[in-house]
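Chain and residue survey
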Amino acid sequence: MLIIGLNFIGNVRKGENLSKNLVIVESPTKARTLQRFLGKEYIVEASVGHINNLESGYGAKYTGPVAGVDKDFEPIWGLEKGAVTRINNLTKLAKDCETIYLAADPDREGEGIAYHVANALIEKKQPKEKFKRVVFHEITEKAVMEAFENAGQLNMDLVDAHIGRRLVDRLVGFSLSGLTSSLLRLKRLSVGRVQSVAVSIIKDKEDEINAFIPKEYWNINGEFSMNNIQYSAKLHEIDGVSGKDLVISNSDEASKAQNELESLKYKVNSVKSSTRKTKPRPPLTTSSLQQDASSRLRLSPSRTMSLSQQLFQGINLGSGEEGLITYMRTDSTALSSESLNEIGNFIQNSYGDDYFAQRKYKTTSANAQEAHEAIRPTSINRTPESIKSFLDDDQYKLYDLIWKRTVSSQMSESENKKTTIITISSDEKYKFKSDYDELVFDGFKKLFPEKETEKMPNVSENDLVNLESIVKEQKFTQHPPRYSEASLIKTMEDLGVGRPSTYASILNTIKEKKYVWVINRSIYLSPIGNVLVEEIKKDFSKEFMDYKFTEKMENDLDSISNGNLKRSEFVKSFWKNFEPIKKNYEKRSEENPRNPSEYNFIRTNIICSSKSPCINSETGKEFEDNDRPLGLESLNASLEKLPRMVWIRFRNNKGDGAFLACEDRECKVTADESAWAGFGRRRSRTLEALKNSMKEKSIH
Ligand SMILES: [Zn+2]
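Residue positions are counted from 1 within each chain, in the order its sequence is given. The predicted origin of the model limits local features to residues at a pLDDT of at least 70 and limits the giving and counting of side-chain atom pairs to 80 or more, whereas totals for whole chains, interfaces and linings rest on all residues.

**Examining the overall build of the chain**
Strands are runs of DSSP state E lasting at least two residues, helices are runs of H or I lasting at least four, and both sets are numbered from the N terminus onward. From N to C terminus, the chain includes 22 helices and 22 strands. Overall, the C-alpha framework of the chain stretches about 100 × 75 × 50 Å when taken along its three principal axes. Working definition of burial: number of other C-beta atoms within 10 Å of the residue's own, with buried at 20 or more, exposed at 12 or fewer, and partly exposed in between, all C-beta atoms being placed from the backbone. Split into buried and exposed, the 700 residues of the chain put 40% on the buried side. Contact between two residues is assigned when their C-beta atoms, built from the backbone, lie within 7 Å. A separation of at least 24 residues holds for 72% of the contacts in the chain among residues at least 6 apart in sequence.

This is the structure in structure tokens:
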């Protein structure tokens, strides 16, 4: 197996001396996996974390608009803490090596890291000629050896796109942070460019929900029978008005219909069937992996990313580390022809020819250089079951998902038989409808079995049936659902906001800064999130908060990475547009400072009382796990007057924090904020503690 590698090492080696080569990667795990494939002639070392960052803080030189950006919009770099030791270590190793291979991850970020590491070593007198860039999308022996055989130079277009993003994010972040600290008087309330757009998407939804007025409607169902057959059907048509147009809007109408229905006779009007085929979904990209892992496995996007990084970098399968999946940051659904063959063979051998249907997916991304292949197992023959004992629970679940999504993308369509039975009243005024769905051929669903659906009753046209009962049910239209982490990522992707490398970190930041709360998997806007978007929108709506604007910026960055746009031009034209808006904003906030108590002390909907603790003023009932944290409409005036718990934000030298306390200062009831704005088990637990604390301490 090592033939390619040995050839190559032979080329590099000079004379009799065993000259060593230095390979620099990001992490120790990746270093271990690579070391195993490369052998003793290579020293594989991790650079660990960032080497440098745009300058900030007290020591920063302000020669340009903000710290870290000079007057020509070039970056001013400062070393990260601890980087000195790491660079000294790498320099020591580099001295005895003939070639230095930069083997950071295969995307803009990776190219950026490689560039900075190289620069740091060049400053330490390492000659430029020694450096080579190797790029591989999977850490397997074959892919790695090929990459080393084709070692090239750093791609400066990718580096420029990476630096361009950092410059623009810095220009916006620092400008707006200055604004929010004067405006909101909170130092740590920093604002990211894409993050604020994400919060704005959530606020739009929250506004939609608040404006929503629920409407009453009634469902009427009939239970029918014939001999020993029974089936239920939904009232679907009255006097020719059917489907969505048929609305029974109050209890009088429902009762009137019920009385009439109960006096009539019925027969089967029609039984109609059709076949429907369903295609499997394409192979996984970063975004669809995060969505699927979130909805199927309940893993947060950042957890999904760290797990898939582990799978990519290498898992010890008994005989050493092995990369199990291809690179996890990608927006491509393509599969290499080699893997297509492997998958095809696997399906034919394991499930039979009927289950195989080859499909080729093309990369639709404009950014072809970065999008290489979909996320897939490095070997399809490594079934989830066969390596289960080497993986922890979550690693296994995620690998299983990636494996199944990859294999199923090459499997045949599933086939369903859909049958609709229409039952009609003797006067032909009323029609009932029952739908049945039967799986005829499972196809790719072999890997994703579905629950069995109701069996179709054996009735045919013109059969007379008996009405057993009519059940009517009061309903209200529901507001549109809040975003989950999965659906927010989907929306951001559709709007062109963010890129595969940024979705998880955007979500992390807006949660950490408490712009949003995730409660029982739904994303709620917090009061500061609300203020943030409202304030920024006043002046920035067109230019900054517009999704199109962010999308254009991402496209510009893609153009830089494809070599079609100069970084300096991009940054300068951005600033030309942004500076006047920023000035205008600063002026307005100086004239009109905001009152911090508006968002630092938020009255919650939890009523403080020792007799009936934790009543929700909105519902009049005990505060429950699924209750929303905001919404201050009281059920009635008497509830309005009772003392509430208040959400209090504070800042100390450790950072921002928040807790709940009774608004009556004499009362000593306090609680962890997660009783109100927390999630899952944590919320129930702290809510229980709050209830007990009220029983003991509340003075009301
Ligand atoms: Zn109290």
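**Considering the packing of helix α9 (residues 286–297) against helix α10 (residues 301–313)**
Fitted lines through C-alpha atoms give the axes, limited to the stretch in contact for helices. The angle between two N-to-C directions lies from 0 to 180 degrees. Packing of α9 against α10 brings their axes to within 9 Å, and their N-to-C directions diverge by 115°. The angle between α9 and α10 falls in the class roughly perpendicular. Between α9 and α10 lies a crossing whose hand is right-handed. Taken together, the residues of α10 that come into contact with α9 (itself represented by L289, Q290, A293 and S294) are P301, T304 and S308. Roughly parallel here means an angle under 35 degrees, roughly antiparallel means over 145, roughly perpendicular means 65 to 115, and every remaining angle is called oblique. Note on convention: near helix rotated counterclockwise from far helix by under a right angle means a left-handed crossing. Clockwise means right-handed.

**Quick notes on the sheet that holds strand β5 (residues 97–102)**
Strand pairing requires that DSSP identify at least two bridges connecting the strands. A sheet is described by the order of its strands in space; here 4 strands give the open sequence β2-β1-β5-β6, paired in parallel fashion. The open sheet has two edge strands, β2 (42–46) and β6 (131–133), and neither has a second partner. Adjacent strand axes in the sheet meet at a mean angle of 25° when their direction is disregarded. Bridge count between strand β1 (residues 20–25) and β5: 5 bridges; the pairing is parallel. For K20, the partnering residue across the bridge sits in β5 and is C97. Sheet strands in contact with helix α4 (residues 108–123) are β1, β5 and β6, and its direction is about 150° off that of β5.

**A word on the nonpolar core**
Ranked by internal contacts, the top residues of the largest apolar core, which has 136 residues, are V23, I24, L34, L102, A198 and V516. If one sorts the elements of this core by residue count, helix α6 (residues 156–183) sits on top with 9 residues. Listed in part, the 15 residues of the second largest apolar core include A233, L235, L261 and Y266. Think of a nonpolar core as buried Ala, Val, Leu, Ile, Met, Phe, Trp, Tyr and Cys residues chained together by C-beta atoms that fall within 7 Å.

**Some points on the pairing of strand β14 (residues 430–441)**
Where strand β8 (residues 229–238) and β14 come together, 4 bridges link them in antiparallel fashion. Note that in β14 the partner of I238 across the bridge is Y430. Note: strand β13 (residues 414–425) against β14, 10 bridges, orientation antiparallel. Each bridged residue has a counterpart across the sheet, and for T420 the counterpart in β14 is D435. As consecutive antiparallel partners, β13 and β14 are separated by 4 residues, and within that stretch E428 has a phi angle of approximately 65°, a positive value.

**Re the confidence of the model for the chain**
Detail in the predicted coordinates should be disregarded across regions flagged by low pLDDT. pLDDT measures how confident the predictor is about each residue, on a scale from 0 to 100. For the chain, per-residue confidence averages 88 on the pLDDT scale, and residues scoring 70 or more make up 91% of the total. By mean pLDDT, helix α1 (residues 3–12) is the weakest element of the chain at 40, and helix α13 (residues 393–408) is the strongest at 98. In the model, residues 1–17 has pLDDT below 50 throughout and makes 15 contacts with residues more than four positions away in sequence or in other chains.

**Details of α9**
Across its 12 residues, α9 extends 15 Å between first and last C-alpha, which sits within 8% of the 16 Å expected from 1.5 Å per residue. Counted residue by residue, α9 has 9 buried out of 12 residues, so it is predominantly covered. Residues T286, S287, S288, L289, Q290, Q291, D292, A293 and S294 constitute the buried set of α9. Tucked inside the fold, the buried residues of α9 contact α10, α13, α14 (485–495) and α15 (503–512). In the stretch just after α9, R298 is the one whose phi turns positive, near 60°. In a helix, the anticipated span is given by 1.5 Å times the number of residues less one.

**Things to note about unusual backbone geometry**
In terms of backbone geometry, most residues other than glycine have negative phi values and most peptide bonds are trans. Of note, F73 is a non-glycine position whose phi angle comes to about 65°, a positive value. Mapped onto the secondary structure, F73 falls in the loop between β3 (52–54) and β4 (77–79). A positive phi angle is found at N520, which is not glycine, with a value near 45°. Within the secondary structure, N520 is located in the loop between β16 (516–519) and β17 (522–525).

**Remarks on α14**
Those residues of α14 lying buried are E485, A486, L488, I489, M492 and E493. Down the axis of α14, the buried side of the element spans an arc of 165°, and every buried residue falls inside it. The secondary structure elements touched by the buried residues of α14 are α7 (193–211), α9, α10, α15, β16 and β17. Taken from the helix axis, the directions to the C-beta atoms give the arc we talk about.

**Details of the packing of α9 against α14**
Contact geometry of α9 with α14 gives a least axis separation of 8 Å together with a crossing angle of 160°. Viewed along their axes, α9 and α14 adopt a mutual orientation that is roughly antiparallel. For the pair α9 and α14, the sense of crossing is left-handed. Facing α9, whose interface residues are S287, Q290, Q291, S294 and S295, α14 presents E485, A486, I489, K490 and E493. When residues are sorted by character, Ala, Val, Leu, Ile, Met, Phe, Trp, Tyr, Cys and Pro go into the nonpolar class, Asp, Glu, Lys and Arg into the charged class, and all the rest, Gly among them, into the polar class. For the contact of α9 with α14, the per-class residue count stands at 2 nonpolar, 5 polar and 3 charged.

**Topic: the environment of G164**
Following the sequence through the fold, G164 ends up in helix α6. By C-beta crowding, G164 is classed as buried, having 27 other C-beta atoms within 10 Å. Separated by 28 residues in the primary sequence, G164 and G192 place their C-alpha atoms 15 Å from one another. For G164, the residues in contact, after removing those within four places along its chain, are L557, I560, R567, F570 and V571.

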